[in-house]
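Each chain, written out:
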Amino acid sequence: MAAVVEVSGLRKQYGRTVAVADVSFEVEAGEIFGLLGPNGSGKTTTVECLQGLRRADAGRLRVLRLDPASEAMKLRRLVGSQLQDSALPDRLRVGEALELFATISPGGPPWRQLLQEWGLADQRDTAFANLSGGQRQRLFVALALVSNPRLVVLDEMTTGLDPAARRVAWDLVSAVRDRGATVVLVTHFMDEAQRLCDRLAVLSRGSVLAKGTAAELIAAHQSETVVRFTAPPDVDLSYLSALADVRHIERDGDQTTVRGGGPLLARVAHALVERGIEPADLAAHTPTLEDAYLSLTGDPNPDGTS
Amino acid sequence: MRALRAMTWVELKLFVREPLTVLFVLVLPLVMLYVLNGVFGSQPDPSVWEGLPPIDFYTSAYVALAAATAGVLALPVHLAGYREQGVLRRFRASAVRPATLVGAHMAVTVLIATVGAVLLTIMSVAVYDAALPQDWGGVIAGFLLTAVAFAALGALLGFLLPTARAAQGLGVLLFFLFLMLGGAGPPTEVLPDALARTSELVPVTHAAELLRGPWTGTGWDETALLFIVTLLAVSVALTAWQLRRDGRT
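Residues numbered from 1 in each chain as written. Chains lettered and ligands numbered in written order. Predicted model: local features only at pLDDT ≥ 70, side-chain atom pairs only at ≥ 80, totals over all residues.

A. Structural view of the packing of helix H2 (residues 19-40) of chain B against helix H5 (residues 98-128) of chain B. All names here are of chain B. Contact geometry for H2 and H5: axes closest at 9 Å, N-to-C directions at 25°. One element, H2, and the other, H5, form an angle in the roughly parallel class. Taken as a pair, H2 and H5 cross one another with a handedness that is right-handed. Contact residues: Val-25, Leu-26, Pro-29, Leu-30, Leu-33 and Asn-37 in H2; Ile-112, Val-115, Gly-116, Leu-119, Leu-120, Met-123, Ser-124 and Tyr-128 in H5. A breakdown of the residues in the contact of H2 with H5 according to their chemical character gives 11 nonpolar, three polar and no charged. (Axes fitted to C-alpha atoms, helices over the stretch in contact; angles between N-to-C directions. Helix = DSSP H or I, 4+ residues; strand = E, 2+ residues; numbered from the N terminus. Parallel < 35°, antiparallel > 145°, perpendicular 65-115°, else oblique. Left-handed = near helix turned anticlockwise from the far one by under 90°. Contact = placed C-beta atoms within 7 Å. Nonpolar A, V, L, I, M, F, W, Y, C, P; charged D, E, K, R; others polar.)

What follows is the structure, encoded as structure tokens:
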């Protein structure tokens, strides 16, 4: 089966500003694919090109086997989207919005059912301007699903939401995928990407720095494990630096931080216990996607494309 | 077609929920007509108002002004606001053709203008003894042409102006220009030369003239007809051009 989204060599310039220099990736059917990167890295431009909302300057794009540039109208009927910086008329009510979009793009579940499913039944007669941030996001996701799309694009859906609302939104994304849609998720939140995405691409300055599952990215770009514990400052710990794969030891008062590779926690623990030191708070910090991301994007020598 | 119908219905509801525009388009012309009638009465004066009773002169002027106000005051603010807030993007992403959106806005504008025109005519005729149109068909055709032309001008302004605030500013400016120089205020005959010549460039002057011919039974004013048709054609062409340019970004 062909990939739902195929992008190769995408390039887009606004005047002399290069928004996307060279982006390539594929999204397989049924997965949640993340586009992760700092502001201005070209994520939004990329998904706008995918939906035919902008025209790429160069590169090959296929979305659901359609060319977004020449078959935009056909494509937009098959793609549901929650766009960054988009809105509805202030005085449009929730029920009216769903009914309108259901009429414009028919084919999905009855709009009253979506109203229930996305917890908007009580807001049915509330004007868009009076909705909370979380309610707006739920409405946008419901609108994105009104045509029963095969691909759903979610751009920064949790920006501006409080932590509780973000968690609700995450459940919504999983629910969208469980309905059988493929999801492209644009985000700059690491925890969101790590939790939701099956695979992701890290973008910086309009180029893809790395692609893969969160675990693959972490393994490839952040192999350092960090072990921390407390020990009285006057205790001699110099023997730790002789352990295999230990690279760095830092002591700050009674706080000790050991950095290195391999089974670091087991080796440090063994060495400490052998000398009668048994710190109660000995713990390893496992590298997260955020660590991998920072080591990727914080590279002092980024491939200068801008 | 179904999308256009649904969109028009929604836009109509949204328009009615905007009290300020309703006030400007539907109520203000009635108040102005009331004031003018109180000032000038209904006795014709051969030196001004083309020799017509003032109420007959002003009724056609205000019916034309209703169409113009609906077009340049309400529509551009809505459309420019849509682009500013991202409503346009939202609709585009859902495969709504820009033409559908423009069509819905223009349909609502023409409808509102028609309501305003009917209210004005009823008040003029029933309360102030204005003459009924001699040529109903001509007046209706002339009015619809005028309303569509101003709606098209409004759509063009809505797509050209960057923000709702800019659209509102320009709309109010045009409204007063139309009011003062379009024949809805002082009659052209008493205006100084320069202003009288300027009023020849104001679309409402021609729209009022276009209605006045069939209304009083003197037939079509060809200059006025040409002016309004040109306004319509140029507005539609420029709007289409602007939309194509938007679509290529």
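B. Region of the structure containing the interface of chain B and chain A. Counting from both sides, the interface comprises 19 residues of chain B and, opposite them, 22 residues of chain A. Only helix H1 (2-16) and helix H4 (87-93) of chain B provide two or more residues apiece to the side of chain B that touches chain A. It is H1(B) that provides the largest number of residues to the side of chain B that touches chain A, a total of six residues. Here the side of chain B that touches chain A is composed, by residue class, of nine nonpolar, four polar and six charged.

C. Local environment of the sheet that holds strand E11 (residues 246-252) of chain A. All names here are of chain A. Read from one edge of the open sheet, four strands run E11-E12-E10-E13, paired in antiparallel fashion. For this open sheet the edge positions go to E11 and strand E13 (283-285), each flanked by a neighbour on one side alone. Neighbour to neighbour, the strand axes of the sheet diverge by 20° on average, direction disregarded. The pairing of strand E10 (residues 225-230) with strand E12 (residues 255-260) spans six bridges and is classified as antiparallel. Its bridge partner being in E12, Thr-230 is matched across the sheet by Gln-255. Seen against the sheet, helix H9 (residues 264-274) touches E10, E12 and E13 and runs at an angle of roughly 30° to E10. (Pairing = 2+ DSSP bridges.)

D. Structural context of the nonpolar core. Among the nonpolar cores identified, the biggest contains 155 residues, and Leu98(A) and Ala67(B) are the most heavily contacted of them. Of the residues forming this core, the biggest block, 20 residues, is contributed by helix H3 (residues 54-85) of chain B. If you look at the next biggest cluster of nonpolar residues, it comprises six residues, including Val227(A), Phe229(A), Val268(A) and Leu272(A). (Core = buried A, V, L, I, M, F, W, Y, C linked by C-beta atoms within 7 Å. Buried ≥ 20, exposed ≤ 12 C-beta atoms within 10 Å, placed from the backbone.)

E. Geometry of the packing of H5(B) against helix H6 (residues 136-160) of chain B. All names here are of chain B. Two elements in contact, H5 and H6, have axes separated by 9 Å at closest approach and are oriented at 135°. Judged by the angle between their axes, H5 and H6 are oblique. Note that H5 runs across H6; the crossing there is right-handed. Along the contact surface, H5 presents Val-102, His-105, Met-106, Thr-109, Val-110, Ala-113, Thr-114 and Ala-117, while H6 presents Phe-143, Ala-147, Val-148, Ala-151, Ala-152, Gly-154 and Ala-155. Split into classes, the residues belonging to the contact of H5 with H6 amount to 11 nonpolar, four polar and no charged.

F. How the structure looks around the environment of Ala3(B). Residue and element names in this part refer to chain B. By secondary structure assignment, the location of Ala-3 is in helix H1. In this structure Ala-3 comes out as buried when scored by C-beta crowding, with 21 C-beta atoms within 10 Å. For the pair formed by Ala-3 and Arg-212, sequence separation is 209 residues and the distance between their alpha carbons is 37 Å.

G. The arrangement of helix H7 (residues 164-181) of chain B in detail. Residues and elements named next belong to chain B. Between the first and last C-alpha of H7 there are 25 Å, a value that for 18 residues agrees with the 26 Å anticipated at 1.5 Å per step. Looking at H7, one finds that the buried residues are Ala-164, Ala-167, Gly-171, Leu-174, Phe-175, Phe-178, Leu-179 and Leu-181. If you follow the buried residues of H7, they end up packed against H3, H6, helix H8 (193-199) and helix H9 (203-216). Positioned one or two residues after H7, Gly-183 has a phi angle of 100°, which is positive. (Expected span 1.5 Å × (residues − 1).)

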